[in-house]
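Commentary on secondary and tertiary structure
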Amino acid sequence: MKFDPCSLIYQTGFGNEHETEAREGALPIGQFSPQKCPYGLYAEQFSSTAFTAPRSENRRSWLYRIRPSISMGDYSPLDKGLIRTAPLDGVPCPPNVMRWDAMPIPDQTTDFIEGLITVAVNGDAKTQTGIGIHVYCANANMDERYFYNADGEMLFVPQQGALVAYTEFGILHVKPGEILVIPRGVKFKIDLEDGPIRGYICENYGAPYHLAERGPVGANGYANQRDFQYPTAWYEDKDGQCQLVTKFSGELFQATLQHSPLDVVAWVGNSAPYKYDLSRFNVINTVSYDHPDPSIFTVLTSPSDTPGVANIDFVIFPPRWMVAEKTFRPPYYHRNIMSEFMGLIEGAYDAKEEGFEPGGMSLHNCMTPHGPEAEVFEKASNAELQPERYDNTMAFMFESRYVIAPTQFALDSDTKQKDYLSCWGNLNKHFNENI
């Protein structure tokens, strides 16, 4: 049987302990692993941090499922296509600024796994540091194929088309303007809701994402805990052959199952997939002068072993008011110890009015100079400043302490703009020592 998903109501609250059951009484009361579970279910603990991690950082859930996950066939290698994992061998990373147009939706039938393309990576997945940055372009459901990633948790940023994520923990419907996070090791499949899909993925090899600290901002603002949505329990009790694809140590493997792996009838814990509507981000910005650092737009962060320096920050640039007086309002010219990979979900980005299209990407690595294009500089420098509402935009940034190395595919891609530097070509000399 297949449990009816139409009545699902998402639970809310980032990192909170949740409990949910698709059949009344399926959750054991008072203990996690009784001698016999209700309904003849198996108890299975899912941990995405070490057992001994501090209580405040510990991520684990108890799953009550029809069959344990080990009920499966042996793995065999599978062609990984254009999927790559850090570290890259034999691909020098240039310090150039780089920008790409949107990847085209494929003509042939392509599901989510087949449509994954790695654009850039850093760190080392085997030592659990760094990230992989991918795009996905798909026009078909996964049907009887399922997937899990043992190398890292996956942050989805949809750009075109809504998707349905069927996971062990339940179902999440995610559309452009929302994000989805699937923890390392969670089994899922991706279906299309209303046509072809395209978007970005940040594969986080490091510590799981958590909310950015607010510091002197206080108790409210930025991304609020209550706005993160978790699925309620849903399951498939379905026999028949299916394929489980696993990303492990940079390679893809496949195994045959004789039943659906999405057979969790109930679960309790704090490690589970979740989604977040980016329009709920409470922007904090200047009301006097100067352009604050982009860290004020951080939604989620994965810390590194150096306090204050992130393995990966997920930063957004949403609709907002600009009111700074006597100030150059676009992002200032800068060189930065962090490396920045940007994408555009919709509209335009205020520092790049031409050539940066929705679905496109740019890469500005550690200490590589960048900033507004020449025409944006001239316009912003001479504008009559009034309070201005900046609408029709949603850009984002994956920012990492490690150099972000593009793959050979990305360096050779027809979508890579060969004339990106030309947008700064008309930066004229304005210096006049007599003023």
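Before any of the text, the structure's been laid out above.
Residues numbered from 1 in each chain as written. Predicted model: local features only at pLDDT ≥ 70, side-chain atom pairs only at ≥ 80, totals over all residues. Heavy atoms only, no water.

Time to look at the overall build of the protein. When you go through the protein residue by residue, the secondary structure sums to two helices and 29 strands. Computed over C-alpha atoms, the radius of gyration of the protein comes to 23 Å, within 12% of the 22 Å expected from 2.2 N^0.38 for 435 residues, which places it in the range of a compact globule. A principal-axis box enclosing the C-alpha atoms of the protein has dimensions of 85 × 45 × 40 Å. Of all 435 residues assigned to the protein, the portion counted as buried reaches 54%. Considering only intrachain contacts with a sequence separation of at least 6, the fraction spanning at least 24 residues in the protein is 79%. (Helix = DSSP H or I, 4+ residues; strand = E, 2+ residues; numbered from the N terminus. Rg over C-alpha atoms; globule rule 2.2 N^0.38 Å. Buried < 20%, exposed > 50% of the residue type's maximum accessible area, 1.4 Å probe, protein only. Contact = heavy atoms within 4.5 Å.)

In spatial order, the strands read E2-E20-E4-E3; together these four strands make up an open sheet with antiparallel pairing. Whereas interior strands pair on both sides, the edge strands pair on one side only; in this sheet they are strand E2 (18-21) and strand E3 (42-47). On average, each strand axis in the sheet is tilted by 20 degrees relative to the strand beside it, whichever way the strands run. Two strands pair when backbone bridges link them, and strand E4 (residues 60-65) and strand E20 (residues 264-269) are joined in this way by five bridges, in the antiparallel orientation. Its bridge partner being in E20, Tyr64 is matched across the sheet by Ala266. (Pairing = 2+ DSSP bridges. Axes fitted to C-alpha atoms, helices over the stretch in contact; angles between N-to-C directions.)

The antiparallel open sheet is built from seven strands, whose spatial order is E6-E26-E25-E28-E23-E22-E16. Lying at the two open borders of the sheet, with one neighbouring strand each, are strand E6 (98-100) and strand E16 (210-211). Sheet topology places strand E22 (residues 298-303) next to strand E23 (residues 310-317); five bridges connect them, and they run antiparallel. Considered in E23, the bridge of Ser302 is made with Ile312.

On to the pattern of salt bridges. By the definition in use, this model includes 20 salt bridges. Arg65 serves as the salt-bridge partner of Glu168, at 2.7 Å between the closest nitrogen and oxygen. With a gap of 103 residues between them, Glu168 in the loop between strand E11 (163-167) and strand E12 (170-174) and Arg65 in strand E4 connect regions that are remote in the sequence. Grouping residues by exposure puts Glu168 and Arg65 together as buried. Between Asp391 and Arg389 there is a salt bridge whose closest N-O contact spans 3.0 Å. (Salt bridge = Lys/Arg side-chain N within 4 Å of Asp/Glu carboxyl O.)

Attention shifts here to the side chain of Thr415. In this fold, Thr415 is placed in the segment after helix H2 (408-412). There is a polar contact of 2.7 Å between the side chain of Thr415 and the side chain of Ser413. The contacts of Thr415, once residues within four sequence positions are left out, are Arg99, Trp100, Asp101, Ala102, Met103 and Pro104. (Polar contact = N/O pair within 3.5 Å; in protein donor to acceptor, adjacent residues only side chain to side chain.)

The next point concerns the packing of aromatic side chains. Any two aromatic rings considered together are summarised by their centre-to-centre distance and by the angle between their planes. Tallying each qualifying case throughout the model produces 29 aromatic pairs. Ring centres of Tyr333 and Phe377 lie 6.0 Å apart, and the angle between their planes is 50 degrees; this geometry places the pair in the tilted category. Separated by 44 residues along the polypeptide, Tyr333 in the loop between strand E24 (320-322) and strand E25 (339-347) and Phe377 in helix H1 (residues 374-382) bring together distant segments of the chain. Judged by relative accessible area, which is 35%, Tyr333 ranks as partly exposed. Here the aromatic cluster, defined as three or more aromatic residues joined through ring pairs, consists of Phe14, Phe228, Tyr230, Tyr274 and Tyr276. Looking at Arg60, its charged tip hangs above the ring of Phe32, at a distance of 4.9 Å from the centre. Over the ring of Tyr166 we find Lys189; its NZ or CZ atom is 5.5 Å from the centre of that ring. (Phe/Tyr/Trp six-rings, centres within 6.5 Å; stacked < 30°, edge-to-face > 60°. Lys NZ or Arg CZ within 6 Å of the ring centre and 35° of its normal.)

To continue, consider H1. Those residues of H1 not exposed but buried are Ala374, Val376 and Ala380. Buried positions in H1, seen along its axis, are confined to an arc of 160 degrees and lie on one side of it. Summarising the geometry of H1, the exposed residues directed more than 90 degrees from the buried face are Glu375 and Asn382. (Arc of directions from axis to C-beta.)

The next subject is the pairing of strand E9 (residues 145-149). The buried fraction of E9 is high, at five of five residues. Burial along E9 is two-sided: the residues Arg145, Phe147 and Asn149 and Tyr146 and Tyr148 are all buried.

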